[in-house]
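Residue strings, one per chain:
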Amino acid sequence: MKILITGVAGFIGSNLAARLLKEGYEVGGIDNLAYGLRENIPDGVEFHEKDIRDRGIYGLIEGVDAVFHLAAKNCISDCQADPIETADINVTGTINVFEAARRGGVRKIIYAESSALYEGRVVFPTPESETKPESFYAISKLAGMYFAEAYKRYYGMTFTALRYFCVYGPVQDYRRTIPPVMSAFIIKLLKGERPVIYGTGEKRRDFVYVDDVNDFHLQCLRNSRTDNVTYNLGSGENHSVLEIYEIVSRLLGVRLEPEFKPDLPGEAQMTLADISKASALGWRPKTDLRTGIMRSIEYIKREFEEGRIK
Ligand SMILES: NC(=O)c1ccc[n+]([C@@H]2O[C@H](COP(=O)([O-])OP(=O)(O)OC[C@H]3O[C@@H](n4cnc5c(N)ncnc54)[C@H](O)[C@@H]3O)[C@@H](O)[C@H]2O)c1
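For clarity, every value in this text was computed on a predicted model and none was experimentally measured. (Residues numbered from 1 in each chain as written. Predicted model: local features only at pLDDT ≥ 70, side-chain atom pairs only at ≥ 80, totals over all residues. Heavy atoms only, no water.)

### Considerations on the site of the ligand
Okay, step 1: D31, L70, N74, Y137 and K141 are the nearest of the 30 residues found near the ligand.
Okay, step 2: G10 is positioned with one of its backbone polar atoms (N or O) 3.1 Å from an oxygen atom of the ligand.
Okay, step 3: One of the backbone N or O atoms of A34 is found 3.2 Å from an oxygen atom in the ligand.
Okay, step 4: Coverage of the ligand by the protein amounts to 94% of the 830 Å² it exposes when considered alone.
Okay, step 5: Taken together, the elements giving at least two residues each to the shell around the ligand come down to α1 (11-22), β5 (108-114), α4 (136-155) and β7 (166-168).
Okay, step 6: The greatest single-element share of the shell around the ligand, amounting to three residues, is contributed by β5.
Okay, step 7: Its residues assigned to classes, the shell around the ligand comprises 17 nonpolar, six polar and seven charged. (Near = heavy atom within 4 Å. Polar contact = N/O pair within 3.5 Å; in protein donor to acceptor, adjacent residues only side chain to side chain. Areas by Shrake-Rupley, 256 points an atom, 1.4 Å probe, with all protein chains shown as cover. Helix = DSSP H or I, 4+ residues; strand = E, 2+ residues; numbered from the N terminus. Nonpolar A, V, L, I, M, F, W, Y, C, P; charged D, E, K, R; others polar.)

### Topic: the environment of F207
Okay, step 1: Relative to the helices and strands, F207 resides in strand β10 (residues 207-209).
Okay, step 2: For F207 and Y164, which are 43 residues apart along the polypeptide, the C-alpha to C-alpha distance reads 9.3 Å.

### So, the packing of aromatic side chains
Okay, step 1: For the structure on display, the rule yields eleven aromatic pairs.
Okay, step 2: Here the aromatic rings of Y168 and Y209 are separated by 5.4 Å at their centres, their planes lie at 65°, and the arrangement is edge-to-face. Within this pair, whereas Y168 is found in strand β7, its partner Y209 is found in strand β10, the two being separated by 41 residues in sequence.
Okay, step 3: Every member of this aromatic cluster is reached through a ring pair, and the members are F98, Y111, Y151, Y155 and F159.
Okay, step 4: The aromatic ring of Y155 is capped on one face by R102, whose charged end is 4.5 Å from the ring centroid. (Phe/Tyr/Trp six-rings, centres within 6.5 Å; stacked < 30°, edge-to-face > 60°. Lys NZ or Arg CZ within 6 Å of the ring centre and 35° of its normal.)

Structure (structure tokens):
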């Protein structure tokens, strides 16, 4: 099978590409390298440096069996700062990918939504039925969902929507202005600097390791029960930012008092996935938090050793 990944130079996309190649799939990828890096893309991927908003992608999607649409503007604070670009990439770009898939006769599209769709909800664990987006990012993801439904309705296309919770692991994009929490803590502590915590550190997040998410990606390709279904992909348990800090600090053997700054805009107090739908297919996250964080630490240490983090 030939699979195309948008956002292939990013965190989840590059990990997925590596896994698919290992499983014997033929893999192509699109990325404009706005956030992702060429060096993240595994050897063996047929790479096209293109913007998902470009109609020039139509030809690239012909003859492809399935598309994973992961490219997005996805840092919540960046999206809050620029709602127009957020809509342009996450809504118009997403429709362009769906349209390319329609024209190319793609059998199935698996695309990224987000746990941010639940940010205004207080039902925990949160099932897939409970959407209440508030931030520009979350609203842009919800718009993608409605377009997928319309493509299903009018063209009979097949989709699987994935609502990732906090996916973590090697290749996570630590270069953002405000990096994801684990990478941020690891980098600061390795440098001997005080990590920053936004808010009180009591916000709780459901973390899921990237290899476990890839196990589910394979199900999306191999199990037709996933056709036209939306799944939460989390671990079904959550941890406070302070707890994560404690684990990272212990694993590194470095203790420094974190610096507390005001809360970031648009961030939910808590996320916790109801993963019963994904679990009903036999999927469950296998990587415990310490193992996952240890692998993230090893990755970031290599980035230091190879001079990519100064
Ligand atoms: N990582 C998480 O915890 C998480 C949580 C919820 C949802 N998601 C969603 O999963 C998907 C993948 O996330 P990620 O963590 O790998 O993000 P990432 O930023 O590491 O990767 C996204 C990739 O998309 C590319 N991209 C952005 N705009 C583009 C454009 N206009 N044209 C082509 N390529 C473009 C970037 O260069 C980057 O390589 C995103 O849709 C994100 O919203 C991720």
